[in-house]
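Each chain, letter by letter, is given below.
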Amino acid sequence: MTRELSHFINGEYVAGQSGRYSDVFDPNTGAVQARTPLASTDEVAATIAAAQGAFPAWSSMNPQRRARVMFRFKALLEEHMDELAELLSSEHGKVVADSRGDVQRGMEVIEFACGIPHLQKGEYTQGAGPGIDVYSMRQPLGVVAGITPFNFPAMIPMWMFGVAIACGNTFILKPSEKDPSVPLRLAELFLEAGAPAGVLNVVNGDKEAVDALLTHPDVKAISFVGSSDIAHYVYQTGAANGKRVQAMAGAKNHGIIMPDADMDQVVRDFLGSAFGSAGERCMALPVAVPVGKDTADEFIARMVPEIKKLKVGISTDTSAHYGPVVTAAHKTRVENYITMCEDEGGKLLVDGRGLKLQGYEGGFFVGPTLFDNVTADMRSYQDEIFGPVLQVVRADTLEEAAALPSNHQYGNGVAIFTRNGLAAREFAAKVQVGMVGINVPIPVPVAYHTFGGWKRSAFADTNQHGPEGVRFWTKIKTITQRWPDGDVGDQAFIIPTMG
Ligand code: NAD
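Residues numbered from 1 in each chain as written. Predicted model: local features only at pLDDT ≥ 70, side-chain atom pairs only at ≥ 80, totals over all residues. Heavy atoms only, no water.

On to helix α1 (residues 41-60). Its 20 residues give α1 an end-to-end C-alpha distance of 29 Å, which sits within 8% of 28 Å, the value for a rise of 1.5 Å per residue. The largest bend in α1 amounts to roughly 40 degrees and is located at A54, with the proline P56 lying one to four residues further along. Inspection of α1 places E43, V44, T47, I48, A50, A51, A54, F55 and W58 among the buried residues, and these make up the whole buried set. (Helix = DSSP H or I, 4+ residues; strand = E, 2+ residues; numbered from the N terminus. Expected span 1.5 Å × (residues − 1). Bend = angle between axes of the 7 residues up to and from the residue. Buried < 20%, exposed > 50% of the residue type's maximum accessible area, 1.4 Å probe, protein only.)

Right, let's get into the domain arrangement of the protein. The figure often quoted for interface size is the accessible area lost as the parts come together. Assigned domains within the protein: domain 1 (3-249 + 457-479) and domain 2 (254-438). Using C-alpha coordinates to define each centre, domain 1 is positioned 31 Å away from domain 2. In this assembly, 20 residues from domain 1 lie in contact with 26 residues from domain 2. Across the domain 1/domain 2 interface, buried area totals approximately 1,800 Å², and carbon plus sulfur atoms make up 59% of it. Sorting the residues of domain 1 by area buried against domain 2 places N28, V95 and S457 first, and these three jointly supply 30% of that buried surface. There are 1 salt bridge connecting domain 1 and domain 2. Of the charged contacts in the structure, one is a salt bridge between R281 and D98, with a shortest N-O distance of 3.0 Å. Our enumeration of links across domain 1 and domain 2 arrives at 8 residue pairs in polar contact (both at pLDDT 80 or more). (Domains from an automatic or database assignment. Contact = heavy atoms within 4.5 Å. Buried area = accessible area lost by both parts, 1.4 Å probe. Salt bridge = Lys/Arg side-chain N within 4 Å of Asp/Glu carboxyl O. Polar contact = N/O pair within 3.5 Å; in protein donor to acceptor, adjacent residues only side chain to side chain.)

Moving on, we get to the pairing of strand β9 (residues 170-174). Moving residue by residue along a regular strand, the side chains alternate between the two faces of the sheet. Counting buried positions over the 5 residues of β9 gives 5, a clear majority of the element. With 5 bridges joining them, strand β8 (residues 143-147) and β9 adopt parallel strand pairing. When the sheet's bridge partners are listed, A145 is paired in β9 with I172. On the question of chirality, the crossover connecting β8 to the parallel β9 by way of helix α6 (residues 155-166) is right-handed. Taken together, the 3 bridges between β9 and strand β10 (residues 200-202) define a ladder with parallel strand orientation. Bridging from a neighbouring strand, F171 pairs with L200 of β10. The handedness of the β9 to β10 crossover, carried by helix α7 (residues 181-192), is right-handed. (Pairing = 2+ DSSP bridges. Right-handed = clockwise from strand over helix to strand, strands pointing away.)

Bringing the sheet that holds strand β7 (residues 132-140) into the picture now. The 3 strands are arranged β6-β7-β23 in an open sheet whose pairing can be described as antiparallel. Edge positions in the sheet fall to β6 (124-129) and β23 (474-482), since each of these pairs with one other strand and no more. Averaged over all adjacent pairs, the angle separating strand axes in this sheet is 30 degrees, with direction ignored. (Axes fitted to C-alpha atoms, helices over the stretch in contact; angles between N-to-C directions.)

In the vicinity of the ligand there are 30 residues, among which K174, E177, S227, A249 and E384 approach most closely. A distance of 2.5 Å separates an oxygen atom of the ligand from a polar side-chain atom of S227. Burial of the ligand by the protein amounts to 88% of the accessible area it has alone, namely 840 Å². Listed by contribution, the elements that provide at least two residues to the shell around the ligand are α6, α8 (207-215) and β11 (219-225). (Near = heavy atom within 4 Å. Areas by Shrake-Rupley, 256 points an atom, 1.4 Å probe, with all protein chains shown as cover.)

Here you go:
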C-alpha cells in the first residue's frame with residue numbers, strides 16, 4: 001500500500017482528514033512512493049488556531065531565548081545533514097550533493113537568525129525635544145505563513161520560517177505537495193531544538209489550503225515562492241485580504257559573455273549553472289549571450305563536446321552531473337519546449353529528448369540540450385522552461401546584449417563574464433534585474449544580504465532574508481515619550497512641536 005504522509009500541527013504528526021491526496025513520485029523510477037494529504041479549509045483553520053495559541057508565549061519570550069532555539073536547530077541540521085539530503089533527493093530527484101547544498105543554504109539563514117537579538121533592536125533618540133525621547137521597536141506580526149515550491153524544499157522554507165519565527169511570529173508552512181517530507185522533518189527537528197508546539201506547523205495542500213491561508217483574518221503575512229501566475233494571484237488575493245505579501249516568482253536568467261572573458265571559466269560555469277539540478281533552479285543560467293561572432297563560435301565549439309560528456313544519472317549516483325526532473329508532467333513540458341524552440345527556428349545542436357536510463361526506463365530524465373541562433377521574439381525564449389536547456393542568443397555589442405535581460409519579462413538574476421571592470425560596473429548599475437553576478441554564474445546572495453528579483457520575478461516590496469527579511473516579518477512601532485518635570489500647563493493641548 002502507498003505510504004501516506006501527514007501534516008505537522010501543534011507539535012505532532014496529524015493524519016489528513018479531507019480524503020484528497022496528491023502523489024509523490026520517485027523521479028528515478030517514475031513509481032508513486034507516497035501520497036500527500038491535501039488539507040481542507042477546516043484543517044487549515046485548525047492549524048491557524050494552533051499557531052495563534054502559541055503566539056502569546058513565543059512572542060513575549062526574550063530574543064536571546066528565541067535565538068538559542070535557532071542555535072540548537074542549526075546544530076541539529078548539521079547532525080542530520082546526510083539524512084535530510086538523502087530524503088530530499090529521493091522525492092525531488094536532484095543528486096545528493098545538490099541536496100546538501102539545499103540544506104546548507106537554508107542552514108545559513110538559521111545562522112543569520114541566531115543574531116536576532118541584535119537584528120530586531122529598535123532605535124532611540126534621546127532629547128528629540130525638551131524632555132522628549134523617541135524610540136522605535138520592531139514587533140512580530142502574529143500568525144504568518146509561507147507557501148513554497150518543489151525545487152528547494154529545505155532552503156526556501158528556512159528562508160521564511162527561520163527569520164519569521166526568530167522575530168517572534170508563529171508560522172504555518174504550506175510546502176510543495178510534490179516533495180513535502182523534508183519540510184515535515186524540519187518541523188520535527190525544530191521541536192526537538194526546543195521550540196514550543198505550535199510555533200512551526202506544516203500543513204500540506206493545494207489551492208484550497210492556499211486560499212484558506214490567503215483569506216483567513218488571523219494570518220497576518222504571506223511569503224510565497226513559485227511560478228509567476230500563481231505568485232501574482234497570491235500577491236493580489238493576499239493584499240485584497242489585508243495581508244502583507246511577498247511573492248517571489250519565475251525566472252529566465254541571462255549570462256553575458258564578453259570577448260575578453262576567461263573562456264575556460266565560462267564553459268565550466270555554464271555546465272554547472274545551465275544543467276545542474278536539471279535546470280530546476282530559479283537562479284540557473286538558461287540563456288547565454290556571447291558578444292561578437294568569434295566569442296559565440298568559440299563558446300559553441302567548446303560547449304558541444306563538454307555537454308555531450310555530461311552524465312545524467314539517478315539521484316544517488318555520486319558520479320552523475322544531475323538527476324531526473326521532478327515529475328513526468330514536467331519532463332513532458334520541458335521536451336515540448338525543446339520541440340517549440342526547434343519549430344521557432346532555433347538551431348538544435350544537442351537534443352536531450354527521449355533519454356532513457358538502462359534499468360530506470362520509467363524515470364523522468366531529460367538530457368542536456370543546446371540551441372544556437374535563438375532570438376528574442378521566440379516564445380521558447382520568453383517563457384521559463386525550468387529544465388536542462390541552454391539557449392544561445394547572439395549579440396554584436398554589450399549594449400545589445402544588456403538590453404535582452406533588461407527587456408525580458410523576468411528579472412531574477414543575470415551574470416556577466418568579463419575581465420573589464422568598467423564594463424561590468426556599468427552593466428551592474430544599469431541592468432533591470434534584481435541580482436547580478438560578475439564572473440559568478442549563480443549570484444544567490446548570502447543569508448545576511450537579501451534575495452529577490454524584479455519585474456515578473458517578484459511581486460513584493462521586501463525581499464527574502466537578510467535585514468529585508470526582518471523588516472518583512474515585523475511591524476515598526478514608534479514611541480514619543482515625555483516625562484514632564486512639573487506642570488505642563490497649556491502645552492498639553494497644542495500640537496506638539498519639538499522646539
Ligand atoms: P508552483 O507555482 O507550481 O507551486 C508553488 C506553490 O504554489 C506550491 O506550494 C503549490 O502547492 C502552490 N500552488 C500550486 N497551484 C496553486 C494554485 N492554483 N493556487 C494557489 N497555490 C498553488 O511552482 P513550482 O513548480 O513548485 O516551482 C517552480 C517555480 O518556482 C518556477 O517558476 C521557479 O522559477 C519558481 N521559483 C522562484 C524562486 C524565486 O525566488 N524567484 C525560487 C525558487 C523557485
